[in-house]
Amino acid sequence: MNLEQQSDIVYKTMCARFTAYRRMKRNRDASKGAESLFSASIIALGLISMTGDKLDLSNNISAFTIILSTFLLVLSLLFGGLNYEKRMENYHSCGNELNHLYRLMMCESQCLSEERQKEKALEYLKQYHAILTKYNLNHTTFDYEYAMSALSTEQIAPLSKFWLKMRYYLLDVYMLYWLIALVPIACIGWYYFSKLMC
C-alpha cells in the first residue's frame, strides 16, 4: 500500500470521526432539551393540580406527577450514563489527530520520491493505528456511510440521500429525546384546550 492509498484511508476515517462527533453533539443537546422540557411539564402538571376544582382530579394529577418525576430521575441517570460529552470530545480529538496525520501524508506523498514514500508508509501506518488505539472509540457504520456520501463525487440516488438525511437529522437516537420532550407538552396543551372548549 502506498502513501496515497494510506492517506485516503486516514481521510475517510477522519471524516467518519467528525461525523460521529457532530452526531454525539446533537444527541447531547437533544437529551438536555428533553430533560428540561420534561421537567417543565412536571411543574406544569403540579400547577394544574393546584388549580383543579375537583379533589379527585387533583389527586390523580399529583400521583401522575410523582410517576413522571420518577421517570425523569431514571432518564437523568440514563442520559448521564451515555457519556455524550466525553465521547464527543474523543471523536473530535481523534479527528483532529487524523487530520494532522493526513496532511503530513499528503505533503510527503507530493514531496518525497517513491522509494522514500515506501519507507515512510510503515511509519504512518503505525501512527494511524496508534491514534485509533489511543481513543479506543469507533464510529458507527452509519457515521462512515454518511461521511462517504458527503465526500462522494458521484451522483447519489435522491431516495438514498433522503434516507441518509432522515436518519442523520431525525431518526437517530435523539428522535426519542424529542418525543420525551414534546409528548407531555402536547398532553398539557390538549388538557387546557379541552378545558377552554367546555
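Residues numbered from 1 in each chain as written. Predicted model: local features only at pLDDT ≥ 70, side-chain atom pairs only at ≥ 80, totals over all residues. Heavy atoms only, no water.

A. View of the nonpolar core. If you look at the biggest cluster of nonpolar residues, it comprises 20 residues, and the most contacted ones within it are Phe38, Tyr91, Tyr177 and Ile180. Put simply, the parts of the chain that give this core at least two residues each are helix 1 (3-51), helix 2 (55-81), helix 3 (84-111) and helix 7 (174-197). Top element by residues in this core is helix 1. It accounts for eight residues. Residues in contact with Tyr91, not counting those within four places in the same chain, are Arg17, Ala20, Tyr21, Arg23, Met24, Leu137, Asn138 and His139. The next biggest cluster of nonpolar side chains, apart from the first, holds 16 residues, and it includes Val10, Met14, Tyr128 and Ala147. (Core = buried A, V, L, I, M, F, W, Y, C linked by side-chain atoms within 4.5 Å. Buried < 20%, exposed > 50% of the residue type's maximum accessible area, 1.4 Å probe, protein only. Helix = DSSP H or I, 4+ residues; strand = E, 2+ residues; numbered from the N terminus. Contact = heavy atoms within 4.5 Å.)

B. Highlighting the pattern of salt bridges. Enumeration over the complete set of coordinates arrives at seven salt bridges. A salt bridge links Glu119 to Arg116, with the shortest nitrogen-to-oxygen separation between them at 3.0 Å. Note that Glu119 and Arg116 are positioned in helix 4 (residues 114-135) at a spacing of three residues, about one turn of the helix. On the basis of relative accessible area, Arg116 is assigned to the partly exposed category, the value being 37%. Of the charged contacts in the structure, one is a salt bridge between Glu123 and Lys120, with a shortest N-O distance of 3.5 Å. A residue pair is termed a helical-turn pair when its members lie 3 or 4 positions apart in one helix, as Glu123 and Lys120 do in helix 4 at three residues. Each of Glu108, Lys120 and Glu123 takes part in salt bridges that share partners, so that together they form one network. (Salt bridge = Lys/Arg side-chain N within 4 Å of Asp/Glu carboxyl O.)

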